[in-house]
Amino acid sequence: MSTEDRAAQLIFGPNVLANSAINSTKFLSACFAGAAAGILGLENWAGFFLFLIATLLSAGIIYSVNCKGRPNRYFQGGFIELVNPGQDNAFTFVLMWTLLYGIVHVYD
Amino acid sequence: MASNAVSLYLDPQIRDWVLFPITLVMILVGILRHYVVILLQSQPKKLQRGAIREQRALARSNILRATSAYSPIPPPFYTSISTHLSEAFTAGTYLKDGPPKGDGPTSPPNPLSDPGAMDGMMAGMKTQMVMMVPQMVIMGWINFFFQGFVLIKLPFPLTLGFKSMLQRGIETPDMDVRWVSSLSWYFLNFFGLNGLYRLLLGDGNDASSQTMNASPFGGANASANPNPVQDFNKLFKAEKDHLEFSEATYIWVGKDVEDRVLRKYGKLAPLQ
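So, how was this worked out
Residues numbered from 1 in each chain as written. Chains lettered and ligands numbered in written order. Predicted model: local features only at pLDDT ≥ 70, side-chain atom pairs only at ≥ 80, totals over all residues. Heavy atoms only, no water. UniProt positions renumbered as here; feature names shortened; annotations may be inferred. Contact = heavy atoms within 4.5 Å. Buried area = accessible area lost by both parts, 1.4 Å probe. Salt bridge = Lys/Arg side-chain N within 4 Å of Asp/Glu carboxyl O. Helix = DSSP H or I, 4+ residues; strand = E, 2+ residues; numbered from the N terminus.

- As annotated in an unreviewed UniProt entry, chain B is ER membrane protein complex subunit 3 from Crepidotus variabilis.
- Turning to chain B, the UniProt annotation filed under Sequence similarities (unreviewed entry) states: "Belongs to the EMC3 family."
- According to UniProt, the comment filed for chain B under the heading Subcellular location (unreviewed entry) is "Membrane".

- For chain A, an unreviewed UniProt entry supplies the name ER membrane protein complex subunit 6 and the organism Crepidotus variabilis.
- Looking at the Sequence similarities (unreviewed entry) heading of the UniProt record, one finds this comment for chain A: "Belongs to the EMC6 family."
- Taken from UniProt, the Subcellular location (unreviewed entry) comment for chain A reads in full: "Endoplasmic reticulum membrane".

A closer look at the interface of chain B and chain A
Reasoning step 1: Taken together, the 36 residues of chain B in the interface contact 25 residues of chain A.
Reasoning step 2: Across the interface of chain B and chain A, roughly 2700 Å² is buried in total on both sides, 66% from carbon and sulfur atoms.
Reasoning step 3: Together, Y70(B), P155(B) and R198(B) form the three largest contributors to the area buried by chain B at its contact with chain A, with a combined 21%.
Reasoning step 4: Seen at the junction of chain B and chain A, the total is two salt bridges.
Reasoning step 5: Here R178(B) and E43(A) are joined by a salt bridge, their closest N and O atoms 2.8 Å apart.
Reasoning step 6: If you list the elements that add at least two residues to the side of chain B that touches chain A, you get helix 2 (12–40), strand 1 (152–153), helix 7 (182–192) and helix 8 (194–201) of chain B.

Some words on the UniProt feature "transmembrane region" (unreviewed entry) in chain A
Reasoning step 1: This chain's UniProt record puts "transmembrane region" (unreviewed entry) on residues 45–65 and 90–107 of chain A.
Reasoning step 2: Secondary structure within residues 45–65 of chain A divides into 100% helix and 0% strand; the distance between the first and last C-alpha atoms comes to 30 Å.

Right, here's the structure in full:
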């Protein structure tokens, strides 16, 4: 039996399910980052840069406070799974960014 | 470009009557799609006790074998379960129709004529239709009612190639690609609301657009095996061989655990 199988045997299903709450965290952080970028009127690269900063900041907080510096104990993908926002959240960021930018800066 | 310096002034009523309604409609239609798919799904056929017993016996054997190389079950339990299952499979005690009578080989029922497989294929097609139809309807609605005016300015630039798609209906060759029509707002919403659906409806919802990408494969797989029509006698025979093989490779996870613990804490000489 390979070591991946052995590692997989040690994983407890309900805990993995509880930890998948990080998906909502990533979604909300993308939403608020989009709102912030829109309200501030950031354009082009500045906006995407804010998204990057927001992703790293929220991942950093979860890393230090929740995972206590050891993401491999809480997530199967380790650090990458913690940081990666995923395609859905990137589009959510763009949607919120466009929406708030339009409301605040384009309309009277 | 001159249009960069000059900013277009847009009527706030466009925001109230186009921007918010399109988003709201798309959210609601997504949620509606999800619940429609749930309501349209036919009930899975209830199996009889004998049939369930067959499947459960096979499942039990699979579970036992899956962890046999590093098994959490101590040897007496493992060997007793394994022996019991092997004997049951050989004698056919778990078979739905009782032990085989010894007559000629039975043929499994034809999957095409079995109504169960038909239900599976229909379910896949129904889901696809429910996905496609609202998208077409909303696109048509937007093109009919909200055509011919600039809706919003994108905060990021795009290449000129997008101009024809995003500014459809606005015939200005010089305007910046960032001023877009309502159809592009539809596309933004289409991609951007997946995250919201996952928050509202939970993972694996039927409203997100990722199911549209997966549907050719998912639909085919779902229709291929909803009701496996299998000859359990043959399966049991094969499973018995697998059980023997696994018993040969079985190692208890707690084997020699005393030596391992002592070695870990340095009370015993380490292995060379």
